[in-house]
Amino acid sequence: MNFEKRDILLIVGLLLFMIGLIPFMAPIFAAIIVIALYLGIKFYAGFKRKSIQKEVGEGICAECGSKISDQKCPNCESANE
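Notes on the structure follow. (Residues numbered from 1 in each chain as written. Predicted model: local features only at pLDDT ≥ 70, side-chain atom pairs only at ≥ 80, totals over all residues. Heavy atoms only, no water.)

A few points about the overall build of the protein
Rules: Numbered from the N terminus, helices here are DSSP runs of H or I no shorter than four residues, and strands are runs of E no shorter than two. As a reference, a globule follows 2.2 Å times the number of residues to the power 0.38, and the radius of gyration itself is taken over C-alpha atoms.
Scanning the protein for helices and strands turns up three helices and zero strands. For the protein, the α and β elements follow one another from N to C terminus as α-α-α. Since a compact globule built from 81 residues should have a radius of gyration of about 12 Å, the 21 Å found for the protein marks it as more spread out than a globular shape. Across its three principal directions, the C-alpha atoms of the protein cover 70 × 20 × 15 Å.

Some words on helix H2 (residues 27–56)
The line we're drawing: Between the first and last residue of a helix there are one fewer steps than residues, each counted as 1.5 Å, and that sum is the expected span. The classification of residues rests on relative accessible area computed with a 1.4 Å probe and restricted to protein chains. Under 20% of the type maximum is buried, over 50% is exposed, and intermediate values are partly exposed.
A rise of 1.5 Å per residue sets the reference length of H2, with its 30 residues, at 44 Å; its end C-alpha atoms lie 43 Å apart and thus fit the reference within 8%. Restricting attention to buried positions, one finds in H2 the residues Ala30, Val34, Tyr38 and Lys42. Taken from the residues just after H2, Gly57 is the one with a positive phi, measuring 70°.

In structure tokens:
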């Protein structure tokens, strides 16, 4: 979980959400909910990023959009032969 620039926007949005929750519940409960939301969003985004990187591998072919393996596109190479 690295801190990135866009995390500032997430933190600001969650702080505003916490301010909106305070009239309806104690501030400590609002803070706990916001912290849980922050950690949940960070773990979900990290998991999705890892799954996308694993799926993409070396890259994506610009012509057909399939996964490149061994520096060649399996779809385009078979079509050229």
